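One-letter residues, chain by chain:
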Amino acid sequence: MKNRIKEYREMKHISQGKLADLCNVSRQTINAIENNKYDPSLQLAFDIAENLGVRIDNLFIHEKGENG
């Protein structure tokens, strides 16, 4: 699942550390999610979207695989 977290985070002038604090996770977690190395839990995805002031469906992009 791709995401636009970095794009929205930078538009709001929020650091990875600040977003992590707002979402009660580590900066490394935000970094891993931004770099598509980790998919967040549903709750964390909603927390990130809320703290960035965007709809969750604008933040995360589901890419269909070969079978979908």
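Residues numbered from 1 in each chain as written. Predicted model: local features only at pLDDT ≥ 70, side-chain atom pairs only at ≥ 80, totals over all residues. Heavy atoms only, no water.

Bringing the pattern of salt bridges into the picture now. Within this structure, the stated rule accounts for three salt bridges. Its salt-bridge partner being Glu-7, residue Arg-4 comes within 2.7 Å of it at the nearest N-O pair. Judged by its relative accessible area of 29%, Arg-4 is partly exposed. Residue Glu-7 is classed as partly exposed on the basis of its relative accessible area, which comes to 37%. The partner of Glu-34 in a salt bridge is Arg-9, and the shortest N-O contact between them spans 2.5 Å. With Glu-34 in helix H3 (residues 27-34) and Arg-9 in helix H1 (residues 5-11), the pair connects residues that are 25 residues apart, well separated along the chain. Note on accessibility: Glu-34 and Arg-9 belong to one class, buried. (Salt bridge = Lys/Arg side-chain N within 4 Å of Asp/Glu carboxyl O. Buried < 20%, exposed > 50% of the residue type's maximum accessible area, 1.4 Å probe, protein only. Helix = DSSP H or I, 4+ residues; strand = E, 2+ residues; numbered from the N terminus.)

The next thing to look at is the packing of helix H2 (residues 16-23) against H3. Contact geometry for H2 and H3: axes closest at 8 Å, N-to-C directions at 110°. The pairing of H2 with H3 is recorded here as roughly perpendicular in orientation. Across the interface between the two elements, Gln-16, Gly-17, Leu-19 and Ala-20 from H2 touch Arg-27, Ile-30, Asn-31 and Glu-34 from H3. Here the contact of H2 with H3 is built from residues that sort into three nonpolar, three polar and two charged. (Axes fitted to C-alpha atoms, helices over the stretch in contact; angles between N-to-C directions. Parallel < 35°, antiparallel > 145°, perpendicular 65-115°, else oblique. Contact = heavy atoms within 4.5 Å. Nonpolar A, V, L, I, M, F, W, Y, C, P; charged D, E, K, R; others polar.)

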